[in-house]
Amino acid sequence: MLQLVLDLFGDAAPAAPGRPAGRLPAAPGYGSGSAATPATAPPVEPPTGAAAPEPVLVLPQALTPARFSHPRANREIALGRAQVAYEFRRGQRRTIGFTIGADGLVVSAPRWTSLTEVEAALRAKEGWIVAKLDQARIRQARLESARIEWREGAGIPFLGEELILVLDPRQRHGRGGAVLAAAADALPGVPRQALHVGLPQDATPEQLRDTCQAWLMRQARRIFTARLDHFAPQLDVRWQRLGLSSAGTRWGSASADGSIRLNWRLVHFSQPVIDYVVVHELAHLREMNHSPRFWQHVQAVLPDYAERRSTLREQLLPRW
């Protein structure tokens, strides 16, 4: 028997069975790769009287073997054109299982299963395994590209737009520690969409990060409160308390007592995406489940909720 562990890179269904009601999971989207197209070098004619150049063999990129290596790899196998070094475990289980994560492939098997059977199972699913490993590599590259460098001139996303960080020790920031620059207040050469942070030029990256996070969290509370007040009457519900979360697995949650929790990092995204999460959680005050009636409430307020949900799944949170 062969058991494939849950595909970590697929889209979640809108109403996954067994999911606790009132919780919207964080499901950032993942990239997808495409096979490289072999390139053919055009023939080069030697100049008159010159010796013909030595023939050069160009290896198409598509034929270059891929290599995937788990940091705790203890076995290796060739799967198609890919060389895969994986972590192999034995344990108290009845089937062979594959798990693909950021580190690579982990294979788990019963104690009595032979290595021949394990490798046969791997080859039977080699296309799926290599595709998922490739997706994991692309996703990791995207995550690294989204890493914030905490220095002057770096950018951070806010409401779907990029803010440029400016170290500005002028005493114009109040208790907030930072202000969005208006056109008249911007320093020479600084773009209008700049976040002026009240720190000296020799501030450490940690000081800049903490000041920006505090500012973003204040903006999140202000924006979320306004959107909850806007949509609650349309759903004929009352919310009682707003809490900000830093959960790594969900965007929001709602309780029957009217408490709403929203991930403050949503403030990185555009308002239509934020509104979808807000409406989703408010709708749980009508239906504490993901039944068809729940989605009817969401659709009554946001007819394009499916498109917004898809956009949310494709979003990539910046790495702090």
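Read on for an overview of the structure. (Residues numbered from 1 in each chain as written. Predicted model: local features only at pLDDT ≥ 70, side-chain atom pairs only at ≥ 80, totals over all residues. Heavy atoms only, no water.)

Examining unusual backbone geometry
The bulk of non-glycine residues show a negative phi, and the bulk of peptide bonds are trans. To keep it simple, the criterion reads: The way it works is that DSSP assigns letters per residue, a run of H or I at least four long becomes a helix, a run of E at least two long becomes a strand, and they are numbered from the N terminus. Here's how the labels work: a residue is buried when its accessible area is under 20% of the maximum for its type, exposed when over 50%, partly exposed in between, all with a 1.4 Å probe on protein chains only.
Of note in this structure, L159 is not a glycine but carries a positive phi near 55°. You can see L159 is positioned in the loop between β8 (155-158) and β9 (161-167). Positive phi, normally seen in glycine, also occurs at D236, with a value near 60°. Following the sequence through the fold, D236 ends up in the loop between α3 (205-235) and β12 (241-245). Residue classification places D236 among the exposed residues on the basis of a relative accessible area of 65%.

Some points on the pairing of strand β4 (residues 75-79)
Filter applied, for reference: By the convention used here, strands pair only if DSSP detects at least 2 bridges between them.
Both β4 and strand β5 (residues 82-91) contribute to a ladder of 5 bridges, which runs antiparallel. When the sheet's bridge partners are listed, E76 is paired in β5 with A85. If you look at the hairpin formed by β4 and β5, you'll find 2 residues sitting between the two strands, and G80 has a positive phi there, around 65°.

Quick notes on the sheet that holds strand β10 (residues 178-180)
Put simply, the test is: Helix axes use the C-alpha atoms of the stretch in contact, all axes being lines fitted to C-alpha atoms, and the angles between their N-to-C directions lie in the range 0 to 180 degrees.
Ordered by their spatial adjacency, 4 strands build an open sheet running β8-β9-β11-β10, and the pairing between neighbours is mixed. Strands at the two margins of the open sheet, each flanked by one partner only, are β8 and β10. Neighbour-to-neighbour, the strand axes of this sheet turn through a mean angle of 35°, independent of strand direction. With 4 bridges connecting them, β8 and β9 associate as antiparallel partners. The residue bridging P157 from the neighbouring strand is E162, located in β9.

Topic: the pattern of salt bridges
As a reminder of what qualifies: Whenever Lys or Arg places a side-chain nitrogen within 4 Å of a carboxyl oxygen from Asp or Glu, that contact is recorded as a salt bridge.
In the structure shown here, the tally under the stated rule is 11 salt bridges. With its nearest N and O atoms 3.0 Å apart, the salt bridge here joins E149 to R151. E149 gets classed as partly exposed once you look at its relative accessible area, which sits at 48%. For R227, the salt bridge goes to D275, with nearest N and O atoms at 2.8 Å. Here R227 is found in helix α3, whereas its partner D275 is found in helix α4 (residues 271-283), with 48 residues between them in sequence. In the salt-bridge network here, residues are joined through shared partners; they are R72, E87 and R89.

Description of the nonpolar core
What counts here: The nonpolar core is taken to be a set of buried Ala, Val, Leu, Ile, Met, Phe, Trp, Tyr and Cys residues, with the residues joined through side-chain atoms within 4.5 Å. By definition, residues are in contact when any of their heavy atoms lie within 4.5 Å.
Counting residues in each nonpolar core, the largest one holds 51 residues, and the members touching the most others are L195, F224, L282 and L312. Of all the elements, α3 adds the most residues to this core, at 11 residues. For L282, the contacting residues outside a window of four places in its chain are L228, F231, A232, L235, V237 and W239. Counting residues in hydrophobic clusters, the runner-up holds 19 residues, among them Y86, A109, V118 and L133.

Points about the packing of aromatic side chains
To be explicit about the condition: Each Phe, Tyr or Trp ring (for Trp, its six-membered ring) is paired with any other whose centre lies within 6.5 Å, and the angle between the two planes then decides the class: stacked below 30 degrees, edge-to-face above 60, tilted in between. In this scheme, the term charge over a ring applies when either NZ of a lysine or CZ of an arginine sits within 6 Å of the ring centre and within 35 degrees of the ring normal.
Per the stated rule, a full pass over the model turns up 6 aromatic pairs. With centroids separated by 5.6 Å and ring planes inclined at 80°, the aromatic side chains of W251 and F269 adopt a geometry described as edge-to-face. A residue pair is termed long-range when its members are at least 10 positions apart, and W251 in strand β13 (residues 250-254) and F269 in the loop between β14 (259-263) and α4 qualify at 18 residues. With relative accessibility at 1%, the residue W251 sits in the buried group. Classification of F269 by relative accessible area gives buried; the value is 3%. With centroids separated by 4.9 Å and ring planes inclined at 80°, the aromatic side chains of F294 and W295 adopt a geometry described as edge-to-face. Taking NZ or CZ as reference, R309 lies 5.2 Å from the ring centre of W295, over its face.

Points about helix α5 (residues 292-301)
Selection rule: In this description, the arc belongs to the directions extending from the helix axis to the C-beta atoms.
For α5, the full list of buried residues reads F294, W295, H297, V298 and V301. Buried residues of α5, seen end-on, are gathered within an arc of 150° and therefore sit on one face of the element. α5 presents P292, R293, Q296 and A300 as exposed residues on the side facing more than 90 degrees away from its buried surface.

Notes on the pairing of β5
Burial of β5 is extensive: 7 of the 10 residues sit out of reach of the surface. Summarising the sheet, strand β3 (residues 66-69) and β5 pair through 4 bridges and their orientation is parallel. The residue bridging R67 from the neighbouring strand is Q83, located in β5.

A closer look at the packing of α4 against α5
The packing of two helices is summarised by the inter-axis angle and the distance between the axes. Basically, it comes down to this: Roughly parallel here means an angle under 35 degrees, roughly antiparallel means over 145, roughly perpendicular means 65 to 115, and every remaining angle is called oblique. Take the far helix as your reference; a near helix turned counterclockwise from it by less than a right angle gives a left-handed crossing, and one turned clockwise gives a right-handed crossing. Throughout, the ten residues Ala, Val, Leu, Ile, Met, Phe, Trp, Tyr, Cys and Pro are labelled nonpolar, Asp, Glu, Lys and Arg are labelled charged, and all others, Gly among them, are labelled polar.
Running from amino to carboxyl end, α4 crosses α5 at an angle of 135°, the nearest separation of the two axes being 9 Å. On the basis of the axis angle, α4 is oblique to α5. You can see that α4 and α5 cross each other, and the crossing is right-handed. Together, Y276, V279, H280 and A283 of α4 and F294, W295, H297, V298 and V301 of α5 make up the contact between the two elements. Among the residues forming the contact of α4 with α5, the class breakdown is 7 nonpolar, 2 polar and no charged.

Some remarks on the packing of α4 against helix α6 (residues 305-314)
Axis separation between α4 and α6 bottoms out at 9 Å; the angle between their running directions is 110°. Relative to α6, the element α4 lies roughly perpendicular. Residue-level inspection shows P272, V273, D275, Y276 and V277 of α4 in contact with α6, the latter providing Y305, R308, R309, T311 and L312. Grouping the constituent residues of the contact of α4 with α6 by class yields 6 nonpolar, 1 polar and 3 charged.

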